[in-house]
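Chain by chain, the residues run as shown.
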Amino acid sequence: MPSEDDNPGDTPQIGLIHKGISAKFAALETGITACGRLIGTNAMRGKRCAGLRLLLLPAALLGAGAVAAKDAPLQAVAPDLPTTIIVLDASKSMNSKIGGASKFTSVRSELGNAIGTYGDRLSFGLVTFGHRKASNCADSETLAKPGELTGETQGKLLGGIKPKGQAPIAAALSDAAKAAPPQSTRLDIVLIADSADSCNADICATAATLKQKSQALRIHVMGFSDKKDDVKALTCVASATGGTFVAATNVDELKQGLAAVLDAAATPPAPPAPPAPPAQAVTAKDGDAATAKKASAETVAPQQSAMQKQAPPASAPHAAAGETAIQKSAPAQAQAAPPPGSAPQVKLVQSVPVGPPPLTQQVQLPVPVTFRAMVTEAGPKLQSGLTWRVYTSKASPEGGYKLVSTHHEANPTAALLPGEYLVNAAYGLSSLTKKIKVESGRSLEETFVLNTGWLKLTAVLPNGEPLPDGSVRFDILSDEEDQFGNRHTILGNAKPGAVIRLNAGAYHIESLYGDANAKVKADVTVEPGKLTEATVKQTGAKTTFKLVQTLGGEALADTKWKIFTSAGDVVKENAGALPTHILAAGSYAVIAEHGGLNYTRKFSIEGVEAKQIEVVVDDGPTSPDDLKALTDPPEPAPPPSGGTLAGDGEPSSSGSPALGFDGFSATRPADPNMPLINPGALLRPAR
């Protein structure tokens, strides 16, 4: 038997066995001992007995658990995490702002979150550039080797970086490739930058050269700039190495893009196609010891496993999909027992995959989707004032649609995963919602034709005099009424003179002068691509109330007021010595409550002249019956057939004076509940 140290080939053979057991028998619970040495991933560094170990090799690889000694359990070594090195742009341009924060601040925050999320899937390193000198094309530094950038260390490592210099991207990529462990079977670099190399280096050629040196290398690019053209030059870096390129123009897209590139880094690259199997198995000729000896000395091909050197039983004619079939041996005639004295027959077998390989999960990458809006189909294209909102296409169980992203640029590009979305474009009160479908690998541009028109509202008195600022407001309502006669409010409390953006169509306008009941209603039509100017002719008179002891006396404080129409409807309630309201033309009654007693007076409003109503205490308090008659009057009798409506301006049959244009006279005030000839007019400028 050879001595312990006579076999110089012992170490590489152990390496082969170690690799085979790690890959094929990670779940074994027992080990194999030979001459005091445990063969396997937890083998002790004791004595070695190579000859006995080689004899045990076939049994160990074909099911060693059944015959192994039970001295110690066999544990599989956890595989190393894939190496991923972050190359971070800290050049001066990263100080510019997007969405109120500098680009570098946003990247640092989102990158720190991503490192904490992916720390159990990737081994992170960090290379940064442009952070030490104001102008130095060699300003690239490895701040953390793979495994040193973690959720616990990212705050300290990233917090000390201050953007200040140029952007030597090519040099930083070379430094990142050098920082990878030499034994790495996978290497992913994630470049985060807002522009191309500023040191006149050819980053495309650099990426191609690095890929030639290491076929395991992939460079993924996260471009972050509100100007898409700034990061276009970085696309070749990803394409030359089989990496992923994502462009982001705001923080929401940056967050999605980082997840996309880190998912790509965590996904193994597609394996190369397996080589074609040999035409037939190689079998030693009967009795040919020299041939058998030569065959036994051949090395197992890289595609073969160590297990296949032991001749197995003949395989079944058909193997299940995904299993490994072993090539059939020579016919029965060639398998006859060798003559005495000849060398034993040797069989070489080839591992042949049968059926498709196991499916790997496909990573869906964001697709750039660009939006633009037109006023009409003929144009123009809107350049500002737009708000874009992207929602999921299906309502959540709680109701409503989940907001995916919001954009305030006129022509934004959103990074969206493949699927269906609802996109709303809002331009003032003009808006349009469309459903879009995003397909993998196909960029998309969507155009929204809003059919927007503009509306400008103003109000004047009947004599054309403009109303005081703040005395009138407009409500813009839908043209359609629901089953209860109500309308949907499009915009409430609109200021006169403001230009309002609306979808083209018909609208109902209500103009309120003051805070009581001086309201005018009208309908307007907004045309697409045009400004519609509408002027409302407003009626109503400013009316002041005072409770006095005697006519012409001082107003009494601590008075509560209620103003009623002649039909008993409350118009306004107030408290104070001199309340003032603007009332529409009509007949009214007012109740002044003071000291626990009620005092009343009836009055009418005609035209737009200001008026003062005095309620006199000396006239005596109002009885409960009179109060009830004011607050709950009986239904008025219907007008006789052929009678005259208030405000028609025709003389009565009794010869009384004719009513005025607004339906009032000194002797016969009109009922505000009866129709008026001119409740208000809508005037449009001639075009």
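Heads up: the structure comes first, above all this text.
Summary of the structure given here. Remember, it's a predicted structure, so these values are computed and weren't measured experimentally. (Residues numbered from 1 in each chain as written. Predicted model: local features only at pLDDT ≥ 70, side-chain atom pairs only at ≥ 80, totals over all residues. Heavy atoms only, no water.)

**Comments concerning the overall build of the protein**
Looking only at helices and strands, one finds ten helices and 36 strands in the protein. For the protein, buried positions account for 37% of its 687 residues. Carbon and sulfur atoms form 53% of the exposed surface of the protein, whose accessible area is close to 37400 Å². (Helix = DSSP H or I, 4+ residues; strand = E, 2+ residues; numbered from the N terminus. Buried < 20%, exposed > 50% of the residue type's maximum accessible area, 1.4 Å probe, protein only. Areas by Shrake-Rupley, 256 points an atom, 1.4 Å probe, with all protein chains shown as cover.)

**Quick notes on the pattern of salt bridges**
Summed over all chains, the structure comprises 16 salt bridges. Lys 434 is the partner of Glu 446 in a salt bridge, and the nearest nitrogen-oxygen pair spans 3.1 Å. With a gap of twelve residues between them, Glu 446 in strand S21 (residues 444–449) and Lys 434 in strand S20 (residues 430–438) connect regions that are remote in the sequence. We classify Glu 446 as buried; its relative accessible area is 16%. A residue is classified by how much of its surface remains accessible, and Lys 434, at 24% relative accessible area, is partly exposed. A single network of salt bridges, built from pairs that share partners, joins Arg 132, Asp 139 and Glu 141. (Salt bridge = Lys/Arg side-chain N within 4 Å of Asp/Glu carboxyl O.)

**Thoughts on the packing of helix H3 (residues 103–118) against helix H8 (residues 251–266)**
Relative to each other, H3 and H8 sit at 35 degrees, their axes nearing to 10 Å. Crossing of H3 against H8: the hand is right-handed. From H3, Ser 106, Val 107, Glu 110, Leu 111, Ala 114 and Tyr 118 reach across to H8, where they touch Val 251, Leu 254, Lys 255, Leu 258, Ala 259, Leu 262 and Asp 263. (Axes fitted to C-alpha atoms, helices over the stretch in contact; angles between N-to-C directions. Left-handed = near helix turned anticlockwise from the far one by under 90°. Contact = heavy atoms within 4.5 Å.)

**Some words on the packing of aromatic side chains**
Applying the stated rule across the entire model yields six aromatic pairs. Between Phe 545 and Trp 561, the ring centres sit 5.9 Å apart and the planes meet at 40 degrees, which makes this aromatic pair tilted. Pair noted here: Phe 545 is in strand S29 (residues 541–548) and Trp 561 is in strand S30 (residues 560–565), with a separation of 16 residues, a long-range link. Neither Phe 545 nor Trp 561 differs from the other in exposure class; each is buried. Ring geometry for Phe 545 versus Phe 603: centroids 5.6 Å apart, planes at 65 degrees, classification edge-to-face. Residue Phe 545 is located in strand S29, and its partner Phe 603 is located in strand S34 (residues 597–605); the two are separated by 58 residues in the primary sequence. Considered together, Phe 545 and Phe 603 belong to a single accessibility category, that of buried residues. Among the aromatic residues, those joined into a cluster by ring pairs are Phe 545, Trp 561, Tyr 588 and Phe 603. Over the ring of Phe 448 we find Lys 434; its NZ or CZ atom is 4.7 Å from the centre of that ring. (Phe/Tyr/Trp six-rings, centres within 6.5 Å; stacked < 30°, edge-to-face > 60°. Lys NZ or Arg CZ within 6 Å of the ring centre and 35° of its normal.)

**As for the sheet that holds strand S35 (residues 611–616)**
With mixed pairing, three strands are arranged side by side in an open sheet as S32-S29-S35. A single partner strand is all that each edge strand has here, and the edge strands are strand S32 (580–583) and S35. Each strand axis lies, on average, 30 degrees off the axis of its neighbour in the sheet, ignoring direction. Across six bridges, the pairing between S29 and S35 is parallel. Bridge pairing in S35 places Thr 543 opposite Lys 611. (Pairing = 2+ DSSP bridges.)

**A look at the pairing of strand S33 (residues 586–594)**
Both faces of the sheet carry side chains from a regular strand, because those side chains alternate between them. A large share of S33 lies buried, amounting to seven of its nine residues. As judged from the six bridges shared by S30 and S33, these two strands associate in the antiparallel manner. In the sheet register, Lys 560 faces S33, and the bridge partner there is Glu 593. Where S33 and S34 come together, nine bridges link them in antiparallel fashion. Looking at S34, one finds that Ser 587 is bridged to Ser 604.

**Quick notes on the sheet that holds strand S7 (residues 140–149)**
Pairing within the open sheet is mixed, and its six strands lie in the order S7-S6-S3-S8-S9-S10. Whereas interior strands pair on both sides, the edge strands pair on one side only; in this sheet they are S7 and strand S10 (245–248). Here the strands of the sheet are splayed against their neighbours by 15 degrees on average, with no regard to which way each runs. Packing of H8 onto the sheet brings it into contact with strand S3 (83–89), strand S6 (123–129), strand S8 (187–193), strand S9 (217–224) and S10, and relative to S9 it is tilted by some 175 degrees.

**A word on the state of the cysteines**
This model, assessed by the stated rule, comprises two disulfides. Between the sulfur atoms of Cys 137 and its disulfide mate Cys 199 the distance is 2.1 Å. Judged by the sign of its S-S torsion, about -95 degrees, the cystine formed by Cys 137 and Cys 199 is left-handed. With Cys 137 in the loop between S6 and S7 and Cys 199 in the loop between S8 and helix H6 (203–213), this residue pair connects regions lying 62 residues apart in the sequence. Under the relative-accessibility criterion, Cys 137 is labelled partly exposed at 39%. (Disulfide = S-S within 2.5 Å.)

**Considering the nonpolar core**
Residues Ile 86, Leu 88, Phe 124, Leu 126, Ile 192 and Leu 262 are the most contacted members of the largest nonpolar core, which totals 31 residues. Elements that contribute at least two residues to this core include exactly S3, H3, S6, S7, S8, S9, S10 and H8. Beyond its immediate sequence surroundings of up to four residues, Ile 86 is in contact with Leu 111, Phe 124, Gly 125, Leu 126, Val 127, Leu 149, Val 190 and Ile 192. Counting residues in each nonpolar core, the second largest holds 27 residues, with Val 127, Ile 169, Ala 180 and Leu 234 among its members. (Core = buried A, V, L, I, M, F, W, Y, C linked by side-chain atoms within 4.5 Å.)

**Let's talk about the packing of helix H5 (residues 169–179) against H6**
With their axes 9 Å apart at the nearest point, H5 and H6 run at an angle of 15 degrees to one another. Judged on the interaxial angle alone, H6 and H5 are roughly parallel. Pair H5 / H6 crosses with right-handed handedness. In contact with Ile 169, Ala 170, Leu 173, Ser 174 and Ala 177 of H5, H6 contributes Ile 203, Thr 206 and Leu 210. (Parallel < 35°, antiparallel > 145°, perpendicular 65-115°, else oblique.)

**Focus on the side chain of Ser 123**
Along the chain, Ser 123 turns up in strand S6. We classify Ser 123 as buried; its relative accessible area is 14%. For Ser 123, the side chain forms a polar contact with the main-chain nitrogen of Gly 147, separated by 3.0 Å. Excluding anything up to four places from it in sequence, Ser 123 contacts Leu 81, Pro 82, Thr 83, Thr 84, Pro 146 and Gly 147. (Polar contact = N/O pair within 3.5 Å; in protein donor to acceptor, adjacent residues only side chain to side chain.)

**Quick notes on unusual backbone geometry**
Generally, phi is negative for residues other than glycine and the peptide bonds are trans, each holding for most cases. Between Gly 379 and Pro 380 the backbone carries a cis peptide bond, its omega angle lying at 0 degrees. Positive phi, close to 60 degrees, is recorded for Asn 493, a residue that is not glycine. With respect to the element layout, Asn 493 can be found in strand S24 (residues 489–494).

**With respect to the side chain of His 508**
With respect to the element layout, His 508 can be found in strand S26 (residues 505–513). Apart from residues lying up to four places away in sequence, His 508 is in contact with Asp 475, Ile 476, Leu 477, Ser 478, Asp 479, Arg 487, Lys 521, Ala 522 and Asp 523.

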